[in-house]
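Tertiary structure, described
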Amino acid sequence: MPAPYNDLLNEAIDDLTATLTAVTGLRVVNDPTKLVPNCVFMQAPSFTTIAGNGNIVRMDFPIKVVGSGPAGLPVLREILQISATVLGSAIIVMSGRPGTLEIGGQEYPCYDLAVGVQAQTA
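Residues numbered from 1 in each chain as written. Predicted model: local features only at pLDDT ≥ 70, side-chain atom pairs only at ≥ 80, totals over all residues. Heavy atoms only, no water.

Topic: a negative patch on the surface
Here is the rule: Surface patches are drawn from residues lacking salt bridges whose relative accessible area is over 30%; two like charges belong together within 9 Å, two nonpolar side chains (Val, Leu, Ile, Met, Phe, Trp, Tyr) within 5 Å. The protein chains shown are the only cover counted for residues, whose accessible areas, like all others here, come from Shrake-Rupley with a 1.4 Å probe. A side-chain nitrogen of Lys or Arg and a carboxyl oxygen of Asp or Glu constitute a salt bridge if their distance falls within 4 Å. Positive residues here are Lys and Arg, negative ones are Asp and Glu, while His and the chain termini are left out of the count. A single reference atom marks each charge: NZ on Lys, CZ on Arg, CG on Asp, CD on Glu. For helices the rule is a DSSP run of H or I covering at least 4 residues; for strands it is a run of E covering at least 2, with both sets numbered from the N terminus onward. Here the term buried applies to any residue with accessible area under 20% of the maximum for its type, exposed to any over 50%, and partly exposed to those in between, with areas from a 1.4 Å probe on protein chains only.
A cluster of acidic residues, Asp 7, Glu 11, Asp 14 and Asp 15, forms a negative patch at the surface. Among the structural elements, Glu 11 can be located in helix H1 (residues 8-24). Here Glu 11 falls in the partly exposed class, since its relative accessible area comes to 39%.

So, in structure tokens, the structure goes:
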């Protein structure tokens, strides 16, 4: 059995996943093999060390709010509503832009959000 992932980077992923789930009410997916449209997909983060020995890091998460149907105004409004909910929460969204995501050979509309998180050891 693998060791528990309780380092500051993995705890940041878990915390952001829990917060996004609570804020949007949608399924938050971290594993691309489990993607189903109408979800929030968190991709692998990049990070920058802020303080010595990596005790404080800034993590940047690319997040996709994936719509449930073909691109059109109703799906766009749904995606924008979810994005606005995330913007209005405690999550720091630095930017957002429209995009697409291919799942099983089909393209789905999405909104790409750039989210910033600070993680630190106790």
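Anyway, onward from the coordinates.
Some thoughts on H1
The condition that has to hold: Residue count minus one, scaled by 1.5 Å, sets the expected span of a helix. Any pair of residues with heavy atoms lying within 4.5 Å of one another is described as a contacting pair. In protein, a polar contact requires one atom able to donate a hydrogen and another able to accept it; more generally it is a pair of N or O atoms within 3.5 Å, and residues adjacent in sequence count only if both atoms are side-chain atoms.
With 17 residues, H1 extends 24 Å from end C-alpha to end C-alpha; this agrees with the ideal 24 Å at 1.5 Å per step. Those residues of H1 that fall on the buried side of the exposure criterion are Leu 8, Ala 12, Leu 16, Thr 17, Leu 20 and Thr 24. Buried-residue contacts for H1 involve strand E1 (28-29), strand E2 (39-42), strand E4 (56-66), helix H2 (73-87) and strand E6 (106-120). For H1, the capping residue at the N-terminal end is Asp 7, with a side-chain oxygen 3.1 Å from the backbone nitrogen of Leu 9.

Quick word on the environment of Pro 109
Relative to the assigned elements, Pro 109 resides in strand E6. Here the alpha-carbon distance between Pro 109 and Ala 71, two residues 38 residues apart in the chain, equals 5.5 Å. Setting aside anything within four residues of it in sequence, one finds Pro 109 in contact with Val 65, Val 66, Gly 67, Gly 69, Pro 70, Ala 71, Val 75, Ile 79 and Gly 99.

A look at the packing of H1 against H2
Rule in force here: Angles here are taken between N-to-C directions and fall from 0 to 180 degrees, while the axes themselves are lines fitted to C-alpha atoms, restricted in helices to the stretch in contact. For classification, angles of less than 35 degrees are called roughly parallel, those exceeding 145 degrees roughly antiparallel, those between 65 and 115 degrees roughly perpendicular, and all remaining angles oblique. Each crossing is labelled by how the near helix is turned from the far one, with a counterclockwise turn of less than a right angle marking it left-handed and a clockwise turn marking it right-handed.
Across the interface, H1 lies against H2 with an axial gap of 9 Å and an inter-helix angle of 120 degrees. In terms of axis orientation, H1 runs oblique to H2. Where H1 crosses over H2, the two elements pack in a sense that is right-handed. Contacts between H1 and H2 involve Leu 20, Val 23 and Thr 24 on the former and, on the latter, Ile 82, Thr 85 and Val 86.

A look at the layout of surface pockets
Worth spelling out the cut-off: Put plainly, a pocket is an open set of points on a 1 Å grid over the protein atoms alone with protein on both sides within 12 Å along at least five of seven lines, a cavity is a set where a 1.4 Å probe fits but cannot get out, and a lining residue has an atom within 4 Å of a point. Grid points are joined across faces, edges and corners, and a volume is the space filled by probe spheres set on the points.
Empty space within the largest pocket amounts to approximately 230 Å³. Take the lining of the largest pocket: its biggest share by element is 6 residues, from H1.

Section: the confidence of the model for the protein
Operational definition: Predictor confidence is given residue by residue as pLDDT, running from a minimum of 0 to a maximum of 100.
Scored by pLDDT, the protein comes out at a mean of 89, with 98% of its residues at no less than 70. Summarising per-element confidence for the protein, the mean pLDDT is lowest in H2 (91) and highest in E4 (95).

Digging into the nonpolar core
Note the following rule: Side-chain atoms within 4.5 Å are what join buried Ala, Val, Leu, Ile, Met, Phe, Trp, Tyr and Cys residues into a set we call a nonpolar core.
Formed by 23 residues in total, the largest nonpolar core has its most connected members in Leu 16, Leu 20, Ile 63, Leu 113 and Val 115. Elements that contribute at least two residues to this core include exactly H1, E2, E4, H2 and E6. No other element matches the 5 residues that E4 contributes to this core. Ignoring anything within four residues of it in the chain, the contact list for Leu 113 reads Phe 61, Pro 62, Ile 63, Val 65, Ser 83, Val 86, Val 93, Ser 95 and Gly 96. Of all hydrophobic cores here, the second largest spans 9 residues; its members include Leu 35, Cys 39, Val 66 and Leu 101.

Here we look at the environment of Asn 30
Relative to the helices and strands, Asn 30 resides in the loop between E1 and E2. Put simply, Asn 30 and Asp 14 are 16 residues apart on the chain and 9.7 Å apart in space, counted from C-alpha to C-alpha. In this view, Asn 30 contacts Ile 13, Thr 17, Phe 41 and Met 42; residues no more than four positions away in its chain are not counted. Within polar-contact distance, the side chain of Asn 30 engages the side chain of Thr 17 at 3.3 Å.

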